[in-house]
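A structural walkthrough
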Amino acid sequence: LVAGPVTMRENPEIASFFAKPFDWNRIKARCRRFAALYSVDDYFVPLQHGGVLKRRLDAELIIKYNMRHFSNSDGVTKLLDGLKAVLKMAKK
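Residues numbered from 1 in each chain as written. Predicted model: local features only at pLDDT ≥ 70, side-chain atom pairs only at ≥ 80, totals over all residues. Heavy atoms only, no water.

Side note on the overall build of the chain
Across its full length, the chain holds 3 helices and 2 strands. Here the C-alpha radius of gyration of the chain, 14 Å, is about what a compact globule of 92 residues would show, namely 12 Å. Projecting the C-alpha coordinates of the chain onto the three principal axes gives extents of approximately 35 × 35 × 15 Å. For the chain, the residues scored as buried account for 33% of the 92 residues in total. Of the contacts formed within the chain by residues at least 6 apart in sequence, a portion of 67% connects residues at least 24 apart. When the accessible surface of the chain is totalled, it reaches about 6,600 Å², and 54% of it is carbon and sulfur. Here the chain contributes 17 positive and 9 negative side-chain charges, whose respective centroids are spaced 10 Å apart. (Helix = DSSP H or I, 4+ residues; strand = E, 2+ residues; numbered from the N terminus. Rg over C-alpha atoms; globule rule 2.2 N^0.38 Å. Buried < 20%, exposed > 50% of the residue type's maximum accessible area, 1.4 Å probe, protein only. Contact = heavy atoms within 4.5 Å. Areas by Shrake-Rupley, 256 points an atom, 1.4 Å probe, with all protein chains shown as cover. Lys, Arg positive; Asp, Glu negative; His and termini not counted. Charge placed at Lys NZ, Arg CZ, Asp CG, Glu CD.)

Structure (structure tokens):
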């Protein structure tokens, strides 16, 4: 999960994603491992959302600096930490 919001009903562009609350147990039942990648200077999704995923899904929380919202417009064109997290989970 990269800079994934867990709630943002106040944002009309993505409010429909949160029409119903997440069923955390159901999500956890469908995947054995989670990694959540967040940047401390993300202007769109605060780091606290990563903390929710860590608590609710037992996700590995990977905190980065100066990556903003991990988008091309922020200069992020490769996400090696995401690849490393996926490969690490695949080995377990």
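Having put the structure on the table, let's press on.
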